[in-house]
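The residues making up each chain are set out below.
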Amino acid sequence: VNQMRLDINKIFSDDSGTKVFPFGNDFLYWEENGVIDTELARNLIIAAGVVFIIISMLIPRPRIACIVSLGICMTIVELVGF
């Protein structure tokens, strides 16, 4: 889809990319698939960071907090399917 946008902008001499763009019902799903991998990784990293911070605040011993955090991270990895 990104290459198609570049080609259309090149054909119609539109450097801004606001005058001409491809549109159709199928493009909506292609856009979704184009960004889902980066958003998934970003959201999992943010969630793991927040969980680790909350666990660190609730469990006073760092060793036990790390073990609990590792267990939760392994559970998330197992659910994701890696």
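Computed from a predicted model, the values in this text were never measured in an experiment. (Residues numbered from 1 in each chain as written. Predicted model: local features only at pLDDT ≥ 70, side-chain atom pairs only at ≥ 80, totals over all residues. Heavy atoms only, no water.)

Undergrad: Is there a simple way to think about the overall build of the protein in this case?
TA: Broken down by element type, the protein carries three helices and zero strands. For the protein, the sequential pattern of α-helices and β-strands runs α-α-α. When each of the 82 residues of the protein is scored for burial, the buried share is 11%. Counting only carbon and sulfur atoms, one obtains 67% of the accessible surface of the protein, whose full area is about 7,000 Å². (Helix = DSSP H or I, 4+ residues; strand = E, 2+ residues; numbered from the N terminus. Buried < 20%, exposed > 50% of the residue type's maximum accessible area, 1.4 Å probe, protein only. Areas by Shrake-Rupley, 256 points an atom, 1.4 Å probe, with all protein chains shown as cover.)

Undergrad: What exactly am I supposed to notice about the environment of glycine 34 here?
TA: Tracing the backbone through its elements, the reader meets glycine 34 in helix 2 (residues 25-58). The spacing of glycine 34 and asparagine 2 is 32 residues in sequence and 9.1 Å in space, taken between C-alpha atoms.

Undergrad: What exactly am I supposed to notice about helix 3 (residues 62-80) here?
TA: The periodicity of an α-helix, 3.6 residues per turn, causes residues three or four positions apart to be oriented the same way. Its 19 residues give helix 3 an end-to-end C-alpha distance of 27 Å, which sits within 8% of 27 Å, the value for a rise of 1.5 Å per residue. Where helix 3 ends, the next residue or the one after it, glycine 81, has phi of about 110°, a positive value. (Expected span 1.5 Å × (residues − 1).)

Undergrad: Which parts of the structure should I look at to understand the confidence of the model for the protein?
TA: Any segment with low pLDDT has predicted coordinates that should not be analysed in fine detail. Per-residue confidence for the protein averages 81 on the pLDDT scale, and 82% of its residues sit at or above 70. Here helix 1 (residues 2-11) is the element of the protein with the lowest mean pLDDT, 77, and helix 3 is the one with the highest, 89. (pLDDT = per-residue confidence, 0-100.)

Undergrad: How do you make sense of a nonpolar patch on the surface when you look at a structure like this?
TA: Judged by side-chain polarity, Ile46, Val50, Phe52, Ile53, Ile54, Met57 and Leu58 come together as a nonpolar surface patch covering roughly 720 Å² of accessible area. Residue placement: phenylalanine 52 occurs in helix 2. (Patch = residues over 30% accessible without salt bridge, like charges linked within 9 Å, V, L, I, M, F, W, Y side chains within 5 Å. Salt bridge = Lys/Arg side-chain N within 4 Å of Asp/Glu carboxyl O.)

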